[in-house]
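Remarks on the overall topology
Chain by chain, the residues:
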Amino acid sequence: MNYYSLNKQAPNTSFKDAVIKGLAPDKGLYFPESITPLSDDFFKNIDQLSHTEIAFQAIKQFVSPEIPEDVLKTIVEETLSFEFPVVQLNDNISTLELFHGPTMAFKDVGARFMARCLGYFNKNNINKVTVLVATSGDTGGAVANGFLGVKGVNVVILYPSGKVSDIQEKQLTTLGQNITALEVNGTFDDCQAMVKTAFLDHTLTNNMQLTSANSINVARWLPQLFYFMFAYKQLHKKYDDIVFSVPSGNFGNVCAGMMAQQLGLPINHFIASNNKNNVVTEYLKTQLYTPKPSVQTISNAMDVGDPSNFIRIQEIYKNKFETLKDNVSSFSFSDDETREAMKEIYTQYNYVADPHGAVGYLGSKAYLKENPNAHCVFLETAHPTKFLDVVEDVIKEEQPLPEQIQSVMGKEKVAIAISTYDDLKAFLLK
Ligand SMILES: Cc1ncc(COP(=O)(O)O)c(C=O)c1O
Ligand SMILES: N[C@@H](CCOP(=O)(O)O)C(=O)O
């Protein structure tokens, strides 16, 4: 599959090149040249397929011919070595748990898939690659874990100081080896802007091969489309009108759901559920896209003021506002509403949701007011214990810590403080 830049000022390129570059030379995000839908039978019989079979069929066209089928099968199998259960709360609402991987957030799948693709492309260890990644909380830990020890790859993670949870910080600052954490005096948007600037800086790019492990990278972004198929597999015999409510920040996850829809997944609607960082909610009301500085919330991983993937969403719906509106609703919620939702989910369903999942739950409820016959699946994008302070404060109950979280608790944070792009550049050139 070839990919084109959404800024349309760079040559089209192969999957391998798109993964190794991360961002196109004209600073545009890459997008596949074509999308061939899977057969109707694939979706009719999806409950008879394993997760790895579903994922293999779904991703094959996007990575071939550069990744041979036998290699792809292994990559997919290794990537998906944990569960993706759907838990039903009531007749109209279920949640898809995406936190059973090693760092307990949905980013594990994309990070593991991309690490293996890059490992395959770099199997002869000819070119050293530096992976730059900006994180508002979860991408950093997942990328650190997924890329730990991958030969020929150095990972540099930028995170906003004081704006990620304690456990998220441990997950991204304690692994050592080929992983370095840079603690940025700024917001997630500052981190993301620095990363994007680095890709255009010839002093850097002439000296090293830089790529990104954020969802701007197609190998990080596309595997997220598997989730929507896994949920559909579990629910399609029971419900006709399945709608996904996706807690959204950089909009890579909901956009991956839309790619699943382009592949033929019979889903008519998505809900992009936001905290107070509501650029897209406002866009759908006003048709004006106005990025703004992010504000800090208790669903911190969604504190994004200028979501990278909005441009891909527009491309999917052919830049037609009315088509976008037919396919997507968006709602924005405050921290107080999020806390109330966490309490409600706990008291009514005895289910502990994290603040991001709770925003997804609120999006489901808002949509159901106008569409009472739908079945909404909100994505539970991270395990509640990643946000221990908030969760225990809201539900007033101590939470047992899963093994994945315990394993980082006692480790010592190692991070380098930086403030400006020049600091990042100096670090990379060192
Ligand atoms: C727990 C959690 N929920 C939701 C999101 C938002 O996902 P996206 O950036 O793909 O919109 C993130 C971060 O990306 C996250 O870490
Ligand atoms: N919420 C993310 C922000 C980066 O999103 P990405 O999907 O583009 O990597 C995080 O947790 O870091």
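Anything mentioned here points back to the structure above.
Right, let's walk through the structure included here. If you're wondering where the values come from, they're calculated on a predicted model, not measured in any experiment.

Conventions used here
- Residues numbered from 1 in each chain as written.
- Chains lettered and ligands numbered in written order.
- Predicted model: local features only at pLDDT ≥ 70, side-chain atom pairs only at ≥ 80, totals over all residues.
- Heavy atoms only, no water.
- Buried < 20%, exposed > 50% of the residue type's maximum accessible area, 1.4 Å probe, protein only.
- Helix = DSSP H or I, 4+ residues; strand = E, 2+ residues; numbered from the N terminus.
- Arc of directions from axis to C-beta.
- Contact = heavy atoms within 4.5 Å.
- Near = heavy atom within 4 Å.
- Polar contact = N/O pair within 3.5 Å; in protein donor to acceptor, adjacent residues only side chain to side chain.
- Areas by Shrake-Rupley, 256 points an atom, 1.4 Å probe, with all protein chains shown as cover.
- 1 Å grid on protein atoms, 1.4 Å probe; cavity = no way out; pocket = protein on both sides within 12 Å on 5 of 7 lines; lining within 4 Å.
- Sits in = over half its atoms within 2 Å of the grid points.
- Nonpolar A, V, L, I, M, F, W, Y, C, P; charged D, E, K, R; others polar.
- Pairing = 2+ DSSP bridges.
- Salt bridge = Lys/Arg side-chain N within 4 Å of Asp/Glu carboxyl O.

Here we come to helix H18 (residues 388-395). Along H18, the residues that are buried comprise Leu 388, Val 390, Val 391, Val 394 and Ile 395. Taken down its axis, H18 places every buried residue within 170 degrees of arc, on the same side. Looking at the packing, one finds that the buried side of H18 touches helix H16 (335-349) and helix H17 (355-370). Downstream of H18 by one or two residues, Lys 396 has phi in the positive range, about 55 degrees.

The next subject is the site of ligand 1. Residues in close proximity to ligand 1 total 15 residues, the closest being Lys 107, Asp 138, Gly 249, Asn 250 and Thr 381. Contact distances for ligand 1 include 2.8 Å between an oxygen atom and a backbone N or O atom of Asn 250. One nitrogen or oxygen atom from the main chain of Asn 253 is found 2.8 Å from an oxygen atom belonging to ligand 1. Against a free-state accessible area of 380 Å², the protein chains account for coverage of 97% of ligand 1. With respect to the pocket detection grid, ligand 1 is positioned in the largest cavity. Each residue belonging to the shell around ligand 1 can be placed in one class, and the counts come to 6 nonpolar, 7 polar and 2 charged.

A few words now on the sheet that holds strand S1 (residues 2-5). In spatial order, the strands read S2-S1-S3; together these 3 strands make up an open sheet with antiparallel pairing. Either end of the sheet is taken by a strand with one partner, and the two such strands are strand S2 (13-14) and strand S3 (30-32).

A separate point is the pattern of salt bridges. Summed over all chains, the structure comprises 13 salt bridges. Between Lys 343 and Glu 340 there is a salt bridge whose closest N-O contact spans 3.3 Å. With Lys 343 and Glu 340 both in helix H16 and 3 residues apart, this pair spans about one turn of that helix. Judged by its relative accessible area of 38%, Lys 343 falls in the partly exposed class. Relative accessible area serves as the criterion here: at 46%, Glu 340 is assigned to the partly exposed category. Beyond isolated ion pairs, a larger network of salt bridges with shared partners links Glu 169, Glu 183 and Lys 413.

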